[in-house]
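Notes for the structure review
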Amino acid sequence: MIDGHSLCAQLDALARISSQPDGLTRLVMSAEHRKANDLVASWMRAAGMQVHEDAIGNIIGRYEGLQPDAPALIVGSHLDSVRNAGRFDGPLGVVAAITGVASLQQAGERLPHALEVIGFCDEEGTRFGATMLGSRAVAGTFDSATLALRDDEGISLAEAMWGFGLEPAAIGKAKRLSPEVLGYLELHIEQGPVLESLGLPCAAVTAINGATRLAVTLTGTAGHAGTVPMAGRHDALCAAATCVLAVEETAKAVGLVATVGRLEVHDAAINVIPGDVHFTIDLRAARDEARLAALAALDAHMRAVCSARGVGIAITKLHELAATPCAPQIIAAIDQACSKLGLASHHLASGAGHDGMAMAELCPIGMIFLRCKGGISHHPDESITAADAGLGASLLLEVMRAPGLTGFKATSHNL
Ligand code: HGY
Ligand code: MN
Ligand code: MN
């Protein structure tokens, strides 16, 4: 079994790389992204990997197979975070993968396939709103319109890339070719309460729910709070409040999840009727038809609300990924690895989004979920036990080396 205590110590070291003095925030193309890549690169090298940073700032370590240039199983997760984050969402999958490779290196073991450990630069989309920038670039599905998105300081992704030492026009160089990638595997905390409630440490993920993210701008008429009669107002915040509650009601009515995570009143003042309001919608479902139907209903409802109030509405899609099934052969390999380690196997769908949704455009994907305390995530109280960390990393290693996982047969060749 891999020692979970040293793995957790590495996660603590990563968690100290933060732009937030009293917590963990690590954004893409930032000084913290640079520091995290450098620290992870040092661990990858110590594990015997060749390391490079790709054209969008993913950090990648390669551990050759029995023969040079064999196609690779990519294993990893993301190194960016939400604001005031927990320390396991993302980095657990990267550090566990490196630890697994280090175990192979110490044993002098080579697999038929190569292994590539990847620390994706941006899965959360915290800084620019669009998510999975790193995995989309690797899969070749990066949308260049994303380069124009701006952060809270008005810096565009393109400008931030130049500042990070990357050329936006070169992003295409990060794309991997299908023949060189056998599959993608990720260990991630469950970010939900199911495994803990069942008393199980881990599960194979069956599918990842589809998700859509929208940015909504409501344009009313700003005015004097003391003199404009109520009947004549075009209050953008009252329109927004009606829409926000409609998001919640729609989700409850259809049995999916939808969240308004950001709401800003521009030029806000206590004595001014709000004229310019922006909010976001994050809507997810296991079935794409349910998600798309709910979005259409919500779109119509919000436009009707705004029309009745004489408020303008503009809706921009920031991100959309379909519900993504995990590959049966990887689910089976996880189940076999569980029984090899004497663990009960369990299957669970993911309500959270993950880089595997983007990587599924390139190759078969699989995920292992690890229980986390109270299912808490996207919060400083996110936590796992060191024992579970070691168990998760050991299970990941078993799957990384699973015979037949990738179907790739190496010819016998010493390195
Ligand atoms: O939002 C999500 O589901 C993921 O944590 N990025
Ligand atoms: Mn994550
Ligand atoms: Mn997350």
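Residues numbered from 1 in each chain as written. Chains lettered and ligands numbered in written order. Predicted model: local features only at pLDDT ≥ 70, side-chain atom pairs only at ≥ 80, totals over all residues. Heavy atoms only, no water.

**Thoughts on the domain arrangement of the protein**
Domain parsing of the protein yields domain 1 (4-209 + 323-410) and domain 2 (210-321). Contact residues are listed per partner, giving 18 residues for domain 1 and 13 residues for domain 2. A combined buried area of about 1100 Å² lies between domain 1 and domain 2, and 46% of that area is made up of carbon and sulfur atoms. The largest share of the area that domain 1 buries against domain 2 comes from Arg136, Asn209 and Ala323, three residues that together contribute 40% of it. Seen at the junction of domain 1 and domain 2, the total is 1 salt bridge. The interface formed by domain 1 and domain 2 holds 7 residue pairs in polar contact (both at pLDDT 80 or more) in total. Classifying every residue of the side of domain 1 that touches domain 2 by side-chain character gives 8 nonpolar, 7 polar and 3 charged. (Domains from an automatic or database assignment. Contact = heavy atoms within 4.5 Å. Buried area = accessible area lost by both parts, 1.4 Å probe. Salt bridge = Lys/Arg side-chain N within 4 Å of Asp/Glu carboxyl O. Polar contact = N/O pair within 3.5 Å; in protein donor to acceptor, adjacent residues only side chain to side chain. Nonpolar A, V, L, I, M, F, W, Y, C, P; charged D, E, K, R; others polar.)

**Here we look at empty space enclosed by the protein**
Inspection of every chain in the model, using the stated rule, returns 2 cavities of 30 Å³ or more. Space inside the largest cavity adds up to approximately 40 Å³. In terms of lining residues, the largest cavity is bounded by Arg26, Leu27, Val28, His33, Ala36, Asn37, Leu79, Asp80 and Cys121. Residue classes in the lining of the largest cavity are distributed as 5 nonpolar, 2 polar and 2 charged. Contributing to the lining of the second largest cavity are Leu24, Arg26, Leu79, Asp80, Ser81, Gly86, Arg87, Asp89 and Pro91. Tallied by class, the residues present in the lining of the second largest cavity amount to 3 nonpolar, 2 polar and 4 charged. (1 Å grid on protein atoms, 1.4 Å probe; cavity = no way out; pocket = protein on both sides within 12 Å on 5 of 7 lines; lining within 4 Å. Points joined across faces, edges and corners; volume = space filled by probe spheres on them.)

**Structural notes on helix α7 (residues 236-254)**
The terminal C-alpha atoms of α7, which comprises 19 residues, lie 27 Å apart, in line with the 27 Å expected from a rise of 1.5 Å per residue. Those residues of α7 that fall on the buried side of the exposure criterion are Ala236, Ala239, Ala240, Cys243, Ala246, Val247, Thr250 and Ala251. One side of α7 holds all its buried residues, which, seen down the axis, span an arc of 130 degrees. Facing away from the buried side of α7 by more than 90 degrees, the exposed set consists of Lys252 and Ala253. Looking at the buried side of α7, the elements it contacts are β7 (210-219), β9 (257-259), β10 (263-265), β12 (276-285) and α8 (288-309). Where α7 begins, the capping side chain belongs to aspartate 235, and its oxygen is found 2.8 Å from the backbone nitrogen of leucine 237. In the stretch just after α7, glycine 255 is the one whose phi turns positive, near 80 degrees. (Helix = DSSP H or I, 4+ residues; strand = E, 2+ residues; numbered from the N terminus. Expected span 1.5 Å × (residues − 1). Buried < 20%, exposed > 50% of the residue type's maximum accessible area, 1.4 Å probe, protein only. Arc of directions from axis to C-beta.)

**A look at the site of ligand 1**
Lining the immediate surroundings of ligand 1 are Glu123, Glu124, Arg213, Arg284, Ala352, Gly353 and His378. One of the side-chain nitrogen or oxygen atoms of glutamate 124 is found 2.8 Å away from a nitrogen atom of ligand 1. Of the residues that constitute the shell around ligand 1, the class distribution is 1 nonpolar, 2 polar and 4 charged. (Near = heavy atom within 4 Å.)

**A few points about unusual backbone geometry**
Positive phi outside glycine occurs at methionine 132, with the angle close to 60 degrees. Looking at the element boundaries, methionine 132 is found in the loop between β4 (114-120) and α4 (133-139). Assessed through its relative accessible area of 2%, methionine 132 is described here as buried. One non-glycine residue, glutamine 191, lies in positive phi territory at about 60 degrees. Residue glutamine 191 is classed as buried on the basis of its relative accessible area of 18%.

**Brief notes about the coordination of the manganese ion (ligand 3)**
Perfect tetrahedral coordination of a metal by four donors corresponds to 109.5 degrees between them, and perfect octahedral coordination by six donors corresponds to 90 or 180 degrees. Bound to the manganese ion (ligand 3) are the protein donor atoms Asp89 (OD), Glu124 (OE) and His378 (NE2), situated 2.1 Å from the metal. The sequence motif formed by the donor residues of the manganese ion (ligand 3) is D-x34-E-x253-H. Judged by relative accessible area, aspartate 89 falls into the buried class, the value being 5%. (Donors = N, O, S within 2.8 Å, 3.2 Å for Na, K, Ca; no water.)

**Some points on helix α5 (residues 157-164)**
Those residues of α5 that fall on the buried side of the exposure criterion are Leu157, Ala158, Ala160, Met161 and Phe164. For α5, the buried positions fall inside an angular range of 160 degrees around the axis, keeping them on one side. Facing away from the buried side of α5 by more than 90 degrees, the exposed set consists of Trp162 and Gly163. Of the surrounding elements, those touching the buried residues of α5 are α2 (31-46), β1 (50-53) and α4.

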